Amino acid sequence: MPKDPDIDLATHTGSGPRHVAIIMDGNGRWAEAKGRPRLFGHHAGARRVREVVEACPDLNIKYLTIFAFSTENWKRTQTEVAGLMSLFRRYISKETRALAARNVRVRFIGDRVRLDKKLTVLMDQLEQETEPMDGVNLTIALNYGGRDEVARATKRLAMDVANGTLDPMDVNEETLPRYLDTHVLPDPDLVIRTSGEARISNFLLWQSAYAEYEFIDTLWPDFTAAELGELCTNYGSRDRRFGAVKT
Ligand code: FPP
């Protein structure tokens, strides 16, 4: 699978994270605390996405990946799932121009097969319209699950072995990730989960092997650009050794 030639995976200056990935949790509890329906919280959460994306250039964050809907989220009530799908459609229609104007390139990861056609058409359009942008790379994980991604990647890899384009002896840590949805992205440096839960819930399992984690109590609709800035500063003081010993 070819690498995207537009993306420079090798260079990053500064001590902050180049790639931040966020599990945006706590919308439901935020709404319930206010006596409002859960979808009210998701709408407030969507507004936070805008603020966080806008903060990225100043923080030198070149890649932002957000977990919008997991392969497990289908287990929620029909009302909540339908409300979220409608929110995604609205968000894409409403934000396309603003994202392009801010030089944001948007990509989606996850399995599109189960998604509504109206939504996937909008996703395709947003990807196409922002393709020339070279500022922040925003990746939205929608119907995404890390295990599902690895299973789909393995299927494609097996097909390449079967049709003779990949030698099984060449399957290794370099070649396998080329089949992942994230094949054009660098691995996340910092993974943030809001709302006080300390688990990764099937998010970027392969890619986060050496990421730093921040589990914070703030509910996603209360998360601010200032808080993101603090987390980036904390990250700068961490000593990432990737399994090696400091010399
Ligand atoms: C988890 O909170 C959040 C979600 C499953 C949905 C995330 C979606 C958004 C932030 C909406 C906007 C996104 C985009 C890209 C427009 P939860 O419902 O599990 O909260 P709880 O744990 O308090 O119940």
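Details of the structure are given in the entry above.
Residues numbered from 1 in each chain as written. Predicted model: local features only at pLDDT ≥ 70, side-chain atom pairs only at ≥ 80, totals over all residues. Heavy atoms only, no water.

**Brief notes about the overall build of the chain**
Next, step 1: Counting its secondary structure elements, the chain contains six helices and six strands.
Next, step 2: Starting at the N terminus and walking to the C terminus, you meet the elements of the chain as β-α-α-β-α-β-α-β-α-β-β-α.
Next, step 3: Here the C-alpha radius of gyration of the chain, 18 Å, is about what a compact globule of 247 residues would show, namely 18 Å.
Next, step 4: C-alpha atoms of the chain, sized along the principal axes, occupy 60 × 50 × 35 Å.
Next, step 5: Out of the 247 residues in the chain, the part that is buried amounts to 49%.
Next, step 6: For the chain, restricting intrachain contacts to residue pairs at least 6 apart in sequence, the fraction spanning at least 24 positions comes to 75%.
Next, step 7: Accessible surface computed for the chain: about 12,800 Å², of which carbon and sulfur atoms make up 51%. (Helix = DSSP H or I, 4+ residues; strand = E, 2+ residues; numbered from the N terminus. Rg over C-alpha atoms; globule rule 2.2 N^0.38 Å. Buried < 20%, exposed > 50% of the residue type's maximum accessible area, 1.4 Å probe, protein only. Contact = heavy atoms within 4.5 Å. Areas by Shrake-Rupley, 256 points an atom, 1.4 Å probe, with all protein chains shown as cover.)

**Notes on unusual backbone geometry**
Next, step 1: Phi at Ser195 takes a positive value of approximately 85°, unusual for a residue other than glycine.
Next, step 2: Following the sequence through the fold, Ser195 ends up in the loop between β5 (190-193) and β6 (212-215).
Next, step 3: Backbone geometry places Leu204, a non-glycine residue, at a positive phi of 45°.
Next, step 4: Relative to the assigned elements, Leu204 resides in the loop between β5 and β6.

**Description of the site of the ligand**
Next, step 1: Near the ligand, the surroundings consist of 18 residues, among which Asp25, Gly28, Arg29, Arg38 and Arg76 are the closest.
Next, step 2: Contact distances for the ligand include 2.7 Å between an oxygen atom and a backbone N or O atom of Arg29.
Next, step 3: Between the ligand and Arg76 there is a distance of 2.8 Å, counted from an oxygen atom to a side-chain nitrogen or oxygen.
Next, step 4: Of all elements in the fold, only α1 (27-33), α2 (38-55), β2 (63-70) and α3 (78-101) reach the threshold of two or more residues within the shell around the ligand. (Near = heavy atom within 4 Å. Polar contact = N/O pair within 3.5 Å; in protein donor to acceptor, adjacent residues only side chain to side chain.)

**Quick word on the pattern of salt bridges**
Next, step 1: Under the counting rule described, the total for this entry stands at 18 salt bridges.
Next, step 2: In this structure, the salt-bridge partner of Arg199 is Glu197, at a minimum N-O distance of 3.2 Å.
Next, step 3: By relative accessible area, which is 21% here, Glu197 ends up partly exposed.
Next, step 4: In this structure, Arg238 and Glu214 form a salt bridge, with 3.1 Å as the shortest nitrogen-oxygen distance. Of this pair, Arg238 sits in the segment after α6 (225-236) while Glu214 sits in strand β6; the two residues are 24 residues apart in sequence, bridging distant segments of the chain. (Salt bridge = Lys/Arg side-chain N within 4 Å of Asp/Glu carboxyl O.)

**Comments concerning helix α4 (residues 117-129)**
Since there are 3.6 residues in each turn of an α-helix, residues three or four apart along the chain are aligned in direction.
Next, step 1: The terminal C-alpha atoms of α4 lie 18 Å apart, and with 13 residues this matches the ideal 18 Å at 1.5 Å per residue to within 8%.
Next, step 2: By the burial criterion, the buried members of α4 are Leu119, Thr120, Leu122, Met123, Leu126 and Glu127. Along α4, the residues classed as buried sweep out an arc of 160° about the axis, all on the same side. Seen from the buried face of α4, the exposed residues on the opposite side, beyond 90 degrees, are Lys117, Lys118 and Gln128.
Next, step 3: Looking at where α4 begins, the residue whose side-chain oxygen comes 2.9 Å from the main-chain nitrogen of Lys118 is Asp116. (Expected span 1.5 Å × (residues − 1). Arc of directions from axis to C-beta.)

**Quick notes on the sheet that holds strand β1 (residues 19-23)**
Next, step 1: Spatially, β3-β4-β2-β1-β5-β6 is the arrangement adopted by the six strands of the open sheet, whose pairing is parallel. Pairing within the sheet leaves two strands with one partner each, and these edge strands are β3 (105-109) and β6. Direction aside, neighbouring strands of the sheet carry axes that sit 20° apart on average.
Next, step 2: Bridge analysis of β2 against strand β4 (residues 137-144) gives seven bridges, and the strand direction is parallel. Among the inter-strand pairings, Tyr63 is bridged to a residue of β4, identified as Asn137.
Next, step 3: Its contacts with the sheet put α6 on β1, β5 and β6, and the angle it makes with β5 is roughly 140°. (Pairing = 2+ DSSP bridges. Axes fitted to C-alpha atoms, helices over the stretch in contact; angles between N-to-C directions.)

**Points about the environment of Arg47**
Next, step 1: Locating Arg47 in the fold gives a position in helix α2.
Next, step 2: Through-space distance from the C-alpha of Arg47 to that of Tyr91 is 9.3 Å; in sequence the pair is 44 residues apart.

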